[in-house]
Amino acid sequence: MAYLQPPWFTAKVFNKIAMLTGIAGAETLTLTTRGGKKQQIPVISVDVAWTRFLVSTRGESQWVKNVRVNPRVLLTRKGTSETFVVQELPIESRTPVLEAYRTKAGKAVDGYFAKLPDPSDHPVFRLTRQSS
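Residues numbered from 1 in each chain as written. Predicted model: local features only at pLDDT ≥ 70, side-chain atom pairs only at ≥ 80, totals over all residues. Heavy atoms only, no water.

**Description of the pattern of salt bridges**
No. 1: Applying the stated criterion across every chain, the model contains eight salt bridges.
No. 2: The residue Arg52 makes a salt bridge to Glu27 at a minimum N-O spacing of 2.5 Å. Taken together, the positions of Arg52 in strand β4 (residues 51-55) and Glu27 in strand β1 (residues 27-32) put the pair 25 residues apart, joining distant regions of the chain. No difference in accessibility class separates Arg52 from Glu27, as the two residues are buried.
No. 3: One salt bridge connects Glu27 with Arg77, and the closest N-O pair in it is separated by 3.4 Å. (Salt bridge = Lys/Arg side-chain N within 4 Å of Asp/Glu carboxyl O. Helix = DSSP H or I, 4+ residues; strand = E, 2+ residues; numbered from the N terminus. Buried < 20%, exposed > 50% of the residue type's maximum accessible area, 1.4 Å probe, protein only.)

**Considerations on the side chain of Thr83**
No. 1: Following the sequence through the fold, Thr83 ends up in strand β6 (residues 80-88).
No. 2: Residue Thr83 is classed as buried on the basis of its relative accessible area of 14%.
No. 3: Ignoring anything within four residues of it in the chain, the contact list for Thr83 reads Arg72, Val73, Leu74, Thr128, Arg129 and Gln130. (Contact = heavy atoms within 4.5 Å.)

**Observations regarding the side chain of Arg58**
No. 1: Within the secondary structure, Arg58 sits in the loop between β4 and α2 (62-69).
No. 2: Buried Arg58, no salt bridge; nearest opposite-charge side chain is Asp121, N-O distance 13 Å.
No. 3: Filtering out sequence-adjacent residues up to four positions away, Arg58 remains in contact with Ala2, Tyr3, Leu4, Gln5, Pro6, Pro7, Thr10, Tyr112 and Leu116. (Lys, Arg positive; Asp, Glu negative; His and termini not counted.)

**Comments concerning helix α3 (residues 95-105)**
No. 1: Looking only at α3, the buried set comprises Val97, Leu98, Tyr101 and Ala105. Within α3, the buried residues cover an arc of 95° as seen down the axis, which keeps them to one side. With respect to the buried face of α3, the exposed residues turned more than 90 degrees away are Glu99 and Thr103.
No. 2: Those residues of α3 hidden inside the fold are in contact with β3 (46-48), β4, α4 (110-115) and β7 (124-129).
No. 3: Two residues or fewer after α3 comes Gly106, characterised by a positive phi angle close to 75°. (Arc of directions from axis to C-beta.)

Below you can see the structure in the form of structure tokens.
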């Protein structure tokens, strides 16, 4: 599967600003890596048919690999955190979610989809809320 590595500035500076400020609707996804460490990344969730989803615009990123191993995640938006279990959607079910995501995220993600145009390049995960 394809992967678009973020530039240094995005990974080390912009992502931290996005998580702190919530710029462009960014939320903070906290997950546990294979080695047991916490990883935090900015994401934008999208709602489709009363279900919430996460999309990996950059393809098979490290966070995608980590949630496939440990699907329990914490999503924080505007200081409120919720625990979810994620489940990856099959490729043939991704198109409506990808379209909704592109509409919500706007021009900022157009470049990723131009470089990775196939729905199979963008893992999509259904979020199911868990009791604390």
